[in-house]
Amino acid sequence: MAKPAHQFVCSECGTAYPKWAGKCEVCEGWNTLEESVMPKALPGGMKPKVKAGKIEFFGLAGVNPPPPRVPTTIVEFDRVLGGGLVPASVVLVGGDPGIGKSTLLLQAGAALGHAGKRVLYISGEESIDQIRLRAARLGLTKAPMDLAAATQLGDILASFAQFPDASLVVIDSIQTMWTDGVESAPGSVSQVRAAAFELIRAAKTQGFALMLVGHVTKEGSLAGPRVLEHMVDVVLHFEGDRGHQFRILRGVKNRFGATDEIGVFEMTGGGLAEVANPSALFLAERRGNVSGSAVFAGLEGSRPVLVEIQVLLAPNPGGSPRRSVIGWDSGRLSMLLAVLETRCGLKLAMNDVYLNVAGGLRVSEPAADLAVAAALISAASDVPTDPQMVFFGEIGLSGELRQVAQAELRLKEAAKLGFAQAACPKRVAGGAAKIAVPSSLKLLEIGHLTDLVAIVTRGLKPGVKPGSGGG
Ligand code: TYD
Ligand code: MG
């Protein structure tokens, strides 16, 4: 019998070599080549002995029922999941240490338990006593749930057989799990990958939903170079600032629903409380009559969210000015500063600029441009924006305003929260469909940034140019 052909494959980049070498030429990794046996090549014309079956092909049309859902009854959680947990699906919940992942999953598990589902909660980080203490703090001691403290994957997989009726299995966290089939240390990429693979296979064969907690590395990616994100059905990020009480659960990937939805929670002394009206919460601490603040009528997924944009300018006559941004894109701020300087004559170059989205929310929409510009103009001219006004609109490089999606939803939310005016892009004649404007709201349609300067600095006496005073 012919000897099987060998090759050496780089474990980092996958390049194959006929001979072993200490260094991979492609990714330049050292000691990354591993031996592997190639399938035997068949001499020309020869047929394989095993008869291959045929695969079936289908048309695109057909009736497929939507996946069944099991609501967790935590509305904010279900919204992000797309309507509830899908049986046999795998959800990865990532976030910084201490942000509240264990709390969230304990609460979600308890809610499902109360709804009559069997929930297994396996912690590799905390002892049973610690979990019980947390449950007591959350008022969940009566919730039906099966707890275990374990890290050895073989034991965990073998124990699933006792619970054929399990609806949800929580693994807190995947980085603490280890399998003795892999030699590297727990938490290493190969351990995390192998453990996740085994758990996912168990979830798919036994039909329970699996939730994996994943810690985030300093660079902000889920530890285990994103391998986990490819393997699971749903990736959720639990975000927030530990100094703030707001927590945002954000869908990053979802094979069963939209990915731009958010769930908003508040971390209280008794656990995570759902926030049904985030706008009211984000604006709760707003003080009117302060320059450098503007309210942005934003959108997170299908949901309008009003947030306050705050800008502080500090004079910095020498050196290179600082631009410090929290909750928004710093590149976009630089662009807006350049547009304001070049197209509107605002003098901002000699100032440090600090921009903050109040409440710890991260805004990624370009629609925030107009609110940021309003806050900048307000700070530069030391004139507060109208506290009854919201702003939204994208700004182009020539200073022109551009339409943004879902204007109607944003206006409705502003009216609901008692705002009286909305500054937004001018509607183009014959453009997108007409929008219904709530009767309590006055629309200020803006074509160019210079109009915004005029609106924000309405209180300025003639002769005083924005940017020439204040700081
Ligand atoms: P935790 O769920 O342990 O975070 P993670 O699993 O993401 O590491 O939450 C830890 C923090 O939450 C901790 O600093 C204390 C705080 N916390 C509350 O404020 N209220 C509560 O009811 C609970 C249980 C925790
Ligand atoms: Mg935890």
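This is a predicted model, so every value here is computed, not measured.

(A) Main features of the overall build of the protein chain. Across its full length, the protein chain carries 11 helices and 21 strands. Counting the 471 residues in the protein chain, one finds 45% classified as buried. Within the protein chain, counting contacts between residues at least 6 apart in sequence, those at least 24 apart form 66% of the total. Summing over all exposed atoms, the protein chain offers an accessible surface of approximately 23700 Å²; the carbon and sulfur share of this is 55%.

(B) Spatial organisation of the site of ligand 1. Gly98, Ser102, Thr103, Thr268 and Gly271 are the nearest of the 16 residues found near ligand 1. Threonine 268 places a polar main-chain atom, nitrogen or oxygen, 2.8 Å from a nitrogen atom of ligand 1. With the chains in place, 75% of the 550 Å² that ligand 1 exposes on its own is no longer accessible. Elements supplying a minimum of two residues to the shell around ligand 1: helix H2 (101-114), helix H3 (128-137) and strand E11 (262-268). No other element matches the three residues that H2 contributes to the shell around ligand 1. Of the residues belonging to the shell around ligand 1, the class tally is four nonpolar, eight polar and four charged.

(C) Main features of the environment of arginine 458. Relative to the helices and strands, arginine 458 is located in the segment after helix H11 (449-456). Expressed as a C-alpha distance, the spacing of arginine 458 and proline 384, which sit 74 residues apart in the sequence, is 9.8 Å. Those residues in contact with arginine 458 that sit more than four places away from it in its chain are Val383, Pro384, Thr385 and Asp386.

(D) Looking closely at the packing of helix H9 (residues 369-381) against H11. Packing of H9 against H11 leaves a shortest axis separation of 10 Å and a crossing angle of 50°. Taken together, H9 and H11 sit at an angle that is classed as oblique. For the pair H9 and H11, the sense of crossing is right-handed. Contacts between H9 and H11 pair Leu370, Ala373, Ala374, Ile377 and Ser378 from the former with Leu449, Leu452, Val453 and Val456 from the latter. By residue class, the composition of the contact of H9 with H11 is eight nonpolar, one polar and no charged.

(E) A look at the sheet that holds strand E6 (residues 146-149). Taken together, the nine strands give an open sheet; going across it, the order is E6-E5-E7-E8-E4-E9-E10-E11-E12, and neighbouring strands pair in mixed fashion. Both outer strands of the open sheet, E6 and strand E12 (271-274), are each paired with one neighbouring strand and no more. Here the average twist between neighbouring strands, direction ignored, is 25°. Sheet topology note: the strand E9 (residues 234-239)/strand E10 (residues 246-254) ladder contains six bridges and is antiparallel. By the bridge assignment for E10, histidine 237 is matched with arginine 250. Contacting strand E4 (90-95), strand E5 (118-123), strand E7 (166-172), strand E8 (209-215), E9, E10, E11 and E12, H2 crosses the sheet at an angle of about 160° to E5.

(F) Highlighting H11. Taken as a whole, H11 has its buried residues at Leu449, Leu452, Val453 and Val456. Buried residues of H11, seen end-on, are gathered within an arc of 105° and therefore sit on one face of the element. Tucked into the core, H11 has its buried residues touching helix H8 (330-344), H9, strand E17 (389-391), strand E18 (394-395), strand E19 (401-402) and strand E21 (442-446).

(G) A look at unusual backbone geometry. Here the bond from aspartate 172 into serine 173 is cis, since omega is 0°, no more than 30 degrees from zero. Topologically, serine 173 is positioned in the loop between E7 and helix H5 (189-206). Residues other than glycine seldom take positive phi values, yet alanine 88 does so here, at roughly 65°. In this model, glutamine 406 sits at a positive phi of 55°, which is unusual for a non-glycine residue. For glutamine 406, the position within the fold is in the loop between E19 and helix H10 (407-416).

(H) Summary view of the sheet that holds E21. Strand order across the open sheet formed by seven strands is E15-E16-E14-E13-E17-E20-E21, with mixed pairing between neighbours. Edge positions in the open sheet fall to strand E15 (323-326) and E21, since each of these has one partner strand only. Mean inter-strand twist for the sheet, computed between neighbouring axes without regard to direction, equals 25°. Relative to strand E14 (residues 303-315), strand E13 (residues 293-300) is paired through eight bridges, and the arrangement is antiparallel. Each residue of the ladder has a partner; that of glutamate 300, found in E14, is arginine 303. Each of E13, E14, strand E16 (351-357), E17, strand E20 (421-425) and E21 is contacted by H9, which is oriented at about 30° to E14, the strand it contacts most. Lying over the sheet, H11 contacts E17 and E21, oriented at roughly 135° with respect to E21.

(I) Region of the structure containing the pattern of salt bridges. With the rule as written, the count across this model stands at 16 salt bridges. In this structure, arginine 118 engages aspartate 146 in a salt bridge whose closest nitrogen and oxygen atoms are separated by 2.9 Å. Residue arginine 118 is found in strand E5, and its partner aspartate 146 is found in strand E6; the two are separated by 28 residues along the sequence. Measuring nitrogen to oxygen at the nearest pair gives 3.8 Å for the salt bridge that ties glutamate 394 to arginine 332. Taken as a pair, glutamate 394 in strand E18 and arginine 332 in helix H8 lie far apart in primary sequence, 62 residues in all.

(J) Fine view of the pairing of E13. The buried fraction of E13 is high, at eight of eight residues. Neither face of E13 is open: one carries Ser293, Val295, Ala297 and Leu299, the other Ala294, Phe296, Gly298 and Glu300, and all of them are buried. Hairpin remark: E13 followed by E14, antiparallel, with two residues in the connecting loop; positive phi at glycine 301, about 65°. The sheet contact formed by E13 and E17 spans two bridges and is parallel. Among the inter-strand pairings, valine 295 is bridged to a residue of E17, identified as valine 390.

Parameters and conventions
- Residue positions are given per chain, counting from 1 as you read along its sequence in written order.
- Key to labels: chains lettered from A, ligands numbered from 1, both in the order written.
- The predicted origin of the model limits local features to residues at a pLDDT of at least 70 and limits the giving and counting of side-chain atom pairs to 80 or more, whereas totals for whole chains, interfaces and linings rest on all residues.
- As a rule here, side-chain values cover all heavy atoms of the structure and leave hydrogens and water aside.
- Each helix is a run of DSSP H or I of at least 4 residues and each strand a run of E of at least 2, with the numbering of both proceeding from the N terminus.
- For every residue, the accessible area (1.4 Å probe, protein chains only) is compared with the maximum for its type, and the residue is labelled buried under 20%, exposed over 50%, or partly exposed between those bounds.
- Any two residues having at least one pair of non-hydrogen atoms within 4.5 Å are treated as being in contact.
- Computed with a 1.4 Å probe, the accessible areas rest on the Shrake-Rupley method; for each residue, only the protein chains presented here act as cover.
- Here a residue counts as near a molecule or strand whenever at least one of its heavy atoms sits within 4 Å of it.
- As used in this structure description, the phrase polar contact means that two N or O atoms lie within 3.5 Å; if the pair is within protein, one of them must be able to donate a hydrogen and the other to accept it, and residues adjacent in sequence are counted only when both atoms belong to side chains.
- Three classes are used, and their members are as follows: Ala, Val, Leu, Ile, Met, Phe, Trp, Tyr, Cys and Pro are nonpolar, Asp, Glu, Lys and Arg are charged, and the others, Gly among them, are polar.
- Helix axes are fitted to C-alpha atoms over the stretch in contact, other axes to C-alpha atoms as well, and angles between N-to-C directions run from 0 to 180 degrees.
- An angle below 35 degrees is treated as roughly parallel, one above 145 as roughly antiparallel, one from 65 to 115 as roughly perpendicular, and anything else as oblique.
- Should the near helix be turned anticlockwise from the far one by less than a right angle, the crossing is left-handed, and should it be turned clockwise, the crossing is right-handed.
- Note on pairing: two strands pair once DSSP finds at least 2 bridges between them.
- Note that the arc is computed from the directions linking the helix axis to the C-beta atoms.
- The term salt bridge refers to a pairing of a side-chain nitrogen on Lys or Arg with a carboxyl oxygen on Asp or Glu at a separation within 4 Å.

Worth remembering: the numbers are spatial, not functional.
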